[in-house]
Amino acid sequence: MNTQSIGATPRLLLVEDDMTSQGFFQLVLESLPATVDIADSHASALRLTNGVRHDLWLIDVNLPDGDGPSLLQKLRAQHPSTPALAHTAEVTVEVEQALQQAGFNATMAKPISRDTLLRTVRRSLAQAVPGDDPGNPEPAPDWDESAALNALNGQQAHVRALRELFLSELPGARDAVSQALVRHDDTALRAQLHKLQASCGFVGASRLARAVRQLHHDPASQQAQQQFGSAVSALLR
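Nothing here was measured: the structure is a model prediction, and the numbers come from that model.

## Thoughts on the side chain of Arg190
With respect to the helices and strands, the residue Arg190 is situated in helix H8 (residues 186-203). Here Arg190 falls in the buried class, since its relative accessible area comes to 17%.

Shown next as structure tokens:
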């Protein structure tokens, strides 16, 4: 399954062609701890993901045989729900927006500090949702306590406070998603889903996070739209 059990070591794919950057990322990521598979091109990344599921992909935007967004598109054809982080030395508002629209969960500017890298990776792993693997029929729970506590350093009071804020804002987010679907406004839809995905990870809203991923992957799917609505309703009842 495409998520880590409590206490399990996550498996990450690092796609980076610069040897110095490779070494930095590997040392920091292995300190999580994590198992890190390293690829230096599109071709090697596709080989490493053939039949292998990773908990998170970290992809360089510029590679010798293509770019990060095109690689992400190919990887998502195999594993549609795996979270992905982009890393690049050139980050502007326009670049970050383009990478978000391409499906990346976040963009990291190189050089990146050890603490920022670890914080970003931990947040992304906390947002990974049980049941995303098409071969895994296990349903995701409405609330995942362990994921929320992991995202907020075990602070139960913070979890409760953020959930109250999350639930107060959820009707507005639901309506914004519905309006974007009606207008076929793909940019607005992806922006709303991106915000929801991050929020779900912080509060452990696992079922909704899974529905958000599925809707992001296939916004025209009636099933994905229905699952999104049902997941929202389950939290607001």
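## Quick look at the pattern of salt bridges
By the definition in use, this model includes 10 salt bridges. The residue Glu16 makes a salt bridge to Lys110 at a minimum N-O spacing of 2.9 Å. With Glu16 in the loop between strand S1 (11-15) and helix H1 (19-30) and Lys110 in the loop between strand S7 (106-109) and helix H5 (114-127), the pair connects residues that are 94 residues apart, well separated along the chain. Each member of the pair Glu16 and Lys110 is classed as buried. The partner of Arg207 in a salt bridge is Asp142, and the shortest N-O contact between them spans 3.4 Å. Taken as a pair, Arg207 in helix H9 (residues 206-217) and Asp142 in the loop between H5 and helix H6 (145-151) lie far apart in primary sequence, 65 residues in all. Take Arg207: its relative accessible area is 30%, and that puts it in the partly exposed class.

## Re the packing of aromatic side chains
Summed over all chains, the structure comprises 2 aromatic pairs. Here Phe24 and Phe25 contribute two aromatic rings whose centre-to-centre distance is 5.8 Å and whose plane-to-plane angle is 75°, an arrangement assigned as edge-to-face. Pairing Trp143 with Phe166 gives two aromatic rings, centres 6.4 Å apart and planes at 70°, and the pair type is edge-to-face. Remark: Phe166 occurs in helix H7 (residues 156-183) and Trp143 occurs in the loop between H5 and H6; sequence separation between them is 23 residues.

Reading guide: rules and limits
- Residues numbered from 1 in each chain as written.
- Predicted model: local features only at pLDDT ≥ 70, side-chain atom pairs only at ≥ 80, totals over all residues.
- Heavy atoms only, no water.
- Helix = DSSP H or I, 4+ residues; strand = E, 2+ residues; numbered from the N terminus.
- Buried < 20%, exposed > 50% of the residue type's maximum accessible area, 1.4 Å probe, protein only.
- Salt bridge = Lys/Arg side-chain N within 4 Å of Asp/Glu carboxyl O.
- Phe/Tyr/Trp six-rings, centres within 6.5 Å; stacked < 30°, edge-to-face > 60°.

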